[in-house]
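Survey of secondary and tertiary structure
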Amino acid sequence: SAVISQKPSRDICQRGTSLTIQCQVDSQVTMMFWYRQQPGQSLTLIATANQGSEATYESGFVIDKFPISRPNLTFSTLTVSNMSPEDSSIYLCSVAASVNTGELFFGEGSRLTVL
Amino acid sequence: AQTVTQSQPEMSVQEAETVTLSCTYDTSESNYYLFWYKQPPSRQMILVIRQEAYKQQNATENRFSVNFQKAAKSFSLKISDSQLGDTAMYFCASYLAQGAQKLVFGQGTRLTINP
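Residue positions are counted from 1 within each chain, in the order its sequence is given. All chains are assigned letters beginning at A, and all ligands numbers beginning at 1, according to the order in which they are written. It should be noted that, the model being predicted, local features are given only for residues of pLDDT at least 70 and side-chain atom pairs only at 80 or more, the latter also being counted only at that level, while totals for whole chains, interfaces and linings use all residues. Values reported for side chains reflect all heavy atoms of the structure, with hydrogen atoms and water molecules removed beforehand.

This next bit is on the side chain of Lys 38 of chain B. Residue and element names in this part refer to chain B. Here a strand is any run of E in DSSP of at least two residues, a helix any run of H or I of at least four, and the numbering for each starts at the N terminus. When you line up the elements, Lys 38 lands in strand β5 (residues 32–39). What qualifies as a polar contact is a pair of N or O atoms within 3.5 Å, subject to a donor-acceptor requirement within protein and to the restriction that residues adjacent in sequence count only when both atoms come from side chains. Here Gly 85 takes part through its backbone oxygen, which lies 2.9 Å from a polar atom of the side chain of Lys 38. With near-sequence residues (within four places) excluded, Lys 38 lies in contact with Gln 44, Met 45, Ile 46, Val 48, Gly 85, Asp 86, Ala 88, Met 89 and Tyr 90. Contacts are residue-level and defined by heavy atoms, with any inter-residue pair within 4.5 Å sufficient.

Structure (structure tokens):
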């Protein structure tokens with residue numbers, strides 16, 4: 001299994017600001033995934049981040065709002081830009097346990113509250 | 001389209017009882033995987049059980065087992081001898097081995113085990 005560390009674990013942010021979430025994995029992984037979990041809701045995939053290439057965004061998510069970096073095989077960042085209260089969510093970093101089965105390991109998540 | 005539906009937002013049972021969580025999915029693909037994930041309060045998401053679509057035998061992991069009805073596209077989770085530590089959100093998810101290759105989650109079921 002992989003150990004995934006996310007920072008910050010939680011934060012309270014002001015409207016209009018941006019926040020960068022860091023995700024560190026204890027082993028090299030090809031694919032990293034960023035999910036959003038709005039309060040009381042399910043998980044929605046924001047984007048897939050592969051090292052050495054641009055992130056692939058899901059419908060409804062754009063790079064200007066959620067820029068992602070993937071500088072190496074153990075690290076990624078997700079920035080939530082120009083935040084509004086609707087961005088209040090848990091943001092989860094995950095990595096593939098198996099590229100064949102789709103099984104994922106998850107970080108503990110970053111809980112953002114936007115005032 | 002790849003969809004996962006959990007029709008039970010909340011369930012509550014007494015400790016030691018058996019509980020079944022329902023999940024239906026929809027896909028036209030033949031090669032896919034199904035999962036149940038557990039998200040305890042304020043803790044990270046972990047895998048409970050996995051089912052390969054090509055396997056007829058239902059997966060089991062200790063007290064956790066599934067009832068996989070491929071024709072009906074149903075994938076329920078049975079928890080036997082429930083314990084207080086089973087209290088969590090449970091998410092059903094599907095993964096297509098070809099095509100989208102992303103994990104899609106259901107809405108979740110909040111399970112409470114009462115002492």
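With that out of the way, let us pick up the state of the cysteines. Any cysteine sulfur atom paired with another within 2.5 Å is treated as part of a disulfide. This structure, assessed with the given rule, holds two disulfides over all chains. With a sulfur-sulfur separation of 1.9 Å, Cys 23 of chain A is cross-linked through a disulfide to Cys 93 of chain A. On the sign convention where negative is left-handed, the bridge of Cys 23 of chain A and Cys 93 of chain A, at about -70° about the S-S bond, is left-handed. Placement of Cys 23 of chain A in strand β3 (residues 19–25) and of Cys 93 of chain A in strand β9 (residues 89–96) is noted, with a sequence separation of 70 residues between them. For the pair formed by Cys 23 of chain A and Cys 93 of chain A, the shared burial category is buried. With its sulfur 2.0 Å from that of its partner, Cys 23 of chain B forms a disulfide with Cys 92 of chain B. Taking the sign of the S-S torsion, about -70° here, the bridge from Cys 23 of chain B to Cys 92 of chain B comes out left-handed. You can see Cys 23 of chain B sitting in the loop between β3 (19–21) and β4 (24–26) and its partner Cys 92 of chain B sitting in strand β10 (residues 88–96), a full 69 residues away along the chain. Under the scheme applied here, a residue whose accessible area is under 20% of the maximum for its type counts as buried, over 50% as exposed, and between as partly exposed, the area being computed with a 1.4 Å probe on protein chains only.

Turning our attention to the pattern of salt bridges. Salt bridges are counted wherever a side-chain nitrogen of Lys or Arg sits within 4 Å of a carboxyl oxygen of Asp or Glu. On inspection of all chains with the given rule, the structure shows seven salt bridges over all chains. With a shortest N-O distance of 3.2 Å, Glu 52 of chain B and Arg 50 of chain B are connected by a salt bridge. Close ionic contact of Lys 55 of chain B with Glu 52 of chain B constitutes a salt bridge, the shortest N to O distance being 4.0 Å. On the basis of relative accessible area, Lys 55 of chain B is assigned to the partly exposed category, the value being 38%. Taken together, the shared-partner salt bridges connect Glu 103 of chain A together with Arg 50, Glu 52 and Lys 55 of chain B into one network.

So, on to the pairing of β5 of chain B. Residue and element names in this part refer to chain B. The element β5 is largely enclosed, with a buried count of eight among its eight residues. Along β5, one buried face is formed by Tyr 32, Leu 34, Trp 36 and Lys 38 and the opposite face, lined by Tyr 33, Phe 35, Tyr 37 and Gln 39, is buried too. With eight bridges connecting them, β5 and β10 associate as antiparallel partners. Bridge pairing in β10 places Tyr 37 opposite Phe 91. Pairing between strands is defined by DSSP: at least two bridges between them are needed. Strand direction decides the pairing type here: β5 and strand β6 (residues 46–52), joined by six bridges, are antiparallel.

The next point concerns the interface of chain A and chain B. Counting residues at the interface gives 16 residues for chain A and 16 residues for chain B. Both faces considered, chain A and chain B share a buried interface measuring about 1500 Å² in area, 51% of it formed by carbon and sulfur atoms. Throughout, the accessible surface (probe 1.4 Å) given up by two parts as they are put together, summed over both, is called the buried area. By the criterion of area lost to chain B, the three top residues of chain A are Thr 101, Glu 103 and Phe 106 of chain A, representing 32% of everything that side buries. Where chain A packs against chain B, one counts two salt bridges. For the salt bridge of Lys 102 of chain B with Glu 58 of chain A, the shortest nitrogen-to-oxygen distance reads 2.4 Å. Linking chain A to chain B there are seven residue pairs in polar contact (both at pLDDT 80 or more). Of the residues that constitute the side of chain A that touches chain B, the class distribution is six nonpolar, seven polar and three charged. Side-chain classes follow a simple rule in which Ala, Val, Leu, Ile, Met, Phe, Trp, Tyr, Cys and Pro form the nonpolar group, Asp, Glu, Lys and Arg form the charged group, and the remainder, Gly included, forms the polar group.

Here we take up unusual backbone geometry. Between Lys 7 of chain A and the following residue, Pro 8 of chain A, the backbone shows a cis peptide bond with an omega angle of -5°. Along the chain, Pro 8 of chain A turns up in the loop between β1 (4–7) and β2 (10–13). Non-glycine residue Asn 62 of chain B carries a positive phi angle of around 55°. When you line up the elements, Asn 62 of chain B lands in the loop between β7 (60–61) and β8 (64–69). The backbone of Lys 73 of chain B sits at a positive phi, close to 55°, despite the residue not being glycine. Counting through the fold element by element, Lys 73 of chain B comes out in the loop between β8 and β9 (74–79).

On average, residues of chain B score 93 in pLDDT, and 98% of them are at 70 or above. Highest mean pLDDT in chain B belongs to β3 of chain B (98); lowest belongs to strand β11 (residues 103–105) of chain B (92). Residue-level confidence of the predictor is what pLDDT reports, using numbers from 0 through 100.

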